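Each chain is listed here by its residues.
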Amino acid sequence: YLLYGPPGNGKSSAVMAIASALRMDICVISLNNIGMDDGALRCCFAEIPPESIVLIEDVDCVFESRERGDGATEHISFSGLLNAIDG
């Protein structure tokens with residue numbers, strides 16, 4: 001599911017509430033982390049335990065028009081993101 005909206009609307013909180021209600025672990029992956037690239041993203045997905053909910057934060061930072069807070073541009077390609085979630 002894709003949840004979108006302005007910051008502070010409760011998207012992450014809703015996912016955490018759903019995970020709690022289902023008694024499932026939640027794995028949060030922020031694509032805006034310094035050093036996050038296609039390889040690091042693949043490693044993150046490889047370590048996700050079975051029957052977990054994955055919350056991917058800052059998906060929009062994958063696109064060239066968005067910069068990280070520290071001024072560095074992203075290193076995750078759109079192709080790398082699609083390959084990670086497809087596997």
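Refer to the structure presented above.
Asks: What's the story with a nonpolar patch on the surface in this structure? I'm lost.
Replies: Taken together, the side chains of F63, F78, L82 and I85 make up a nonpolar region of the molecular surface, amounting to roughly 360 Å² of accessible area. Along the polypeptide, I85 turns up in helix α3 (residues 78-86).

Asks: Is there a simple way to think about unusual backbone geometry in this case?
Replies: Comment: phi is negative for the bulk of residues other than glycine, and the bulk of peptide bonds are trans. One non-glycine residue with positive phi stands out, namely E51, at about 55°. Here E51 is to be found in the loop between α2 (38-46) and β2 (52-57). Positioned with a positive phi, D58 is a non-glycine residue whose angle comes to about 60°. The exposure class of D58 is partly exposed, given its relative accessible area of 27%.

So, how was this worked out
Per chain, the residues get numbers from 1 upward, laid out in the order the sequence is written. Predicted model: local features are reported for residues with pLDDT of at least 70 only, side-chain atom pairs are reported and counted for 80 or more only, and whole-chain, interface and lining totals are derived from all residues. Derived side-chain values reflect all non-hydrogen atoms in the structure, with water molecules and hydrogen atoms excluded from consideration. Each patch is built from residues that are more than 30% exposed by relative accessible area and take part in no salt bridge. Like charges join if they lie within 9 Å; nonpolar side chains (Val, Leu, Ile, Met, Phe, Trp, Tyr) join within 5 Å. All accessibility values rest on the Shrake-Rupley procedure with a 1.4 Å probe; residue burial counts only the protein chains present in the view. The term salt bridge refers to a pairing of a side-chain nitrogen on Lys or Arg with a carboxyl oxygen on Asp or Glu at a separation within 4 Å. Numbered from the N terminus, helices here are DSSP runs of H or I no shorter than four residues, and strands are runs of E no shorter than two. In this scheme, a residue with accessible area under 20% of its type's maximum is buried, one over 50% is exposed, and one in between is partly exposed, where area comes from a 1.4 Å probe on protein chains only.

Honestly, it's all geometry; don't read function into it.
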